[in-house]
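# Residue-level structure breakdown
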Amino acid sequence: AVVMLLTLKIILVCCLGVLSCKICIEDLRTGHISNRHIITGVKLWIATVVVWAGLELFHHKGLLPLGMIGIFSALEFYKNLFLHIVLSALTAVVLWKSDVWPAGDAKMFMVFASFLPILEPGIKYFPNYLFLVSLANIFILAGFYYVVGMAWFFMRKICRNFSGDKVFQKVIFFCSKN
């Protein structure tokens, strides 16, 4: 029973990985994320919720020796999931309207954020702060990428300017001015 659940989660993560790669490739090629990928993500999310809830229903009817601790049959989970999705959507819209993110990135965040509680129902900070923790991790990674990219850019520029025998001449000239 546990193997079946783990297999379903692995399949879902693989589907999300393929979708992520398609989105990244399209974004790098065209500079935008098409709605067809977002709609695919929404369809995948709906299918996942239906399958998970169906498995729980079959378990409670005694048709499957499977159970996820009743999490997907509890009305409280769906209320929290709805709250999480609303908070994620509001945050994404604010970031889009304030020109921090383009619309496609905001929509992509909404879709992928909605999968977090589905993949890990007991995830920490769910529902009230999970969207903020997700954003913090996204911006930390983006900031790291930006800093490394800028460091690489400046190192290349410095190495180009100080190449060959001119290195010592420029250092001596710089030091003699100060």
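Bear in mind that the values here come from a model prediction, so they are computed numbers and not experimental data. (Residues numbered from 1 in each chain as written. Predicted model: local features only at pLDDT ≥ 70, side-chain atom pairs only at ≥ 80, totals over all residues. Heavy atoms only, no water.)

Here the focus is the overall build of the protein chain. Secondary structure summary: the protein chain contains 6 helices and 0 strands in total. Each helix (α) and strand (β) of the protein chain, taken in turn from the N terminus, gives the series α-α-α-α-α-α. Here the contacts in the protein chain between residues at least 6 apart in sequence split such that 62% fall between residues at least 24 apart. Within the structure as shown, the protein chain displays about 12200 Å² of accessible surface, and the carbon and sulfur contribution to it stands at 73%. (Helix = DSSP H or I, 4+ residues; strand = E, 2+ residues; numbered from the N terminus. Contact = heavy atoms within 4.5 Å. Areas by Shrake-Rupley, 256 points an atom, 1.4 Å probe, with all protein chains shown as cover.)

So, about the packing of aromatic side chains. Within this structure, the stated rule accounts for 2 aromatic pairs. Each ring, one from Phe77 and one from Tyr78, has its centre 5.5 Å from the other, and the planes form 80 degrees; the classification is edge-to-face. Owing to a relative accessible area of 26%, Tyr78 belongs among the partly exposed residues under this scheme. Between the aromatic rings of Trp101 and Phe109, the centroid separation amounts to 5.5 Å while the plane-to-plane angle is 50 degrees, which identifies the pairing as tilted. Each of the two residues, Trp101 as well as Phe109, counts as buried. Lys97 extends its terminal NZ or CZ atom over the ring of Trp96, reaching a point 4.4 Å from the ring centre. (Phe/Tyr/Trp six-rings, centres within 6.5 Å; stacked < 30°, edge-to-face > 60°. Buried < 20%, exposed > 50% of the residue type's maximum accessible area, 1.4 Å probe, protein only. Lys NZ or Arg CZ within 6 Å of the ring centre and 35° of its normal.)

This part takes up the side chain of His37. Inspection of the secondary structure puts His37 in helix α2 (residues 35-60). The residues touching His37, leaving out its near neighbours within four places in the chain, are Leu19, Lys22, Ile23 and Glu26.

This part takes up helix α3 (residues 75-97). Helix length check: α3 (23 residues) gives 33 Å between terminal C-alpha atoms against 33 Å at 1.5 Å per residue, within 8%. Regarding α3, the residues found buried are Phe77, Asn80, Leu81, His84, Ser88, Thr91, Ala92 and Leu95. Of the residues flanking the end of α3, it is Asp99, one or two places downstream, whose phi is positive at about 60 degrees. (Expected span 1.5 Å × (residues − 1).)

Residues that lie three or four places apart on an α-helix share one face, since the helix turns once every 3.6 residues. A rise of 1.5 Å per residue sets the reference length of helix α4 (residues 103-119), with its 17 residues, at 24 Å; its end C-alpha atoms lie 25 Å apart and thus fit the reference within 8%. The complete set of buried residues in α4 reads Gly104, Ala106, Phe109, Val111, Ala113, Ser114, Phe115, Pro117, Ile118 and Leu119.

To continue, consider the environment of Lys22. Topologically, Lys22 is positioned in helix α1 (residues 2-30). Separated by 15 residues in the primary sequence, Lys22 and His37 have C-alpha atoms spaced 7.9 Å apart.

Together, Phe153, Phe154, Met155 and Ile158 line one region of the surface with nonpolar side chains, adding up to about 400 Å² of accessible area. Of note, Met155 is situated in helix α5 (residues 130-161). Given the relative accessible area of 48%, Met155 is considered partly exposed. (Patch = residues over 30% accessible without salt bridge, like charges linked within 9 Å, V, L, I, M, F, W, Y side chains within 5 Å. Salt bridge = Lys/Arg side-chain N within 4 Å of Asp/Glu carboxyl O.)

Turning our eyes to something else, we now look at the confidence of the model for the protein chain. Put simply, the protein chain has an average pLDDT of 79, and 80% of its residues get 70 or more. Within the protein chain, the lowest mean pLDDT, 59, falls on helix α6 (residues 166-177), and the highest, 88, falls on α3. (pLDDT = per-residue confidence, 0-100.)

Here the focus is the nonpolar core. Formed by 16 residues in total, the largest nonpolar core has its most connected members in Trp45, Leu81, Phe115 and Ile118. Of all the secondary structure elements, the ones that give two or more residues to this core are α1, α2, α3 and α4. Leave out the neighbours within four places in its chain, and Trp45 touches Leu81, Ile85, Ser114, Phe115 and Ile118. If you look at the next biggest cluster of nonpolar residues, it comprises 7 residues, including Ala92, Leu95, Trp101 and Leu135. (Core = buried A, V, L, I, M, F, W, Y, C linked by side-chain atoms within 4.5 Å.)

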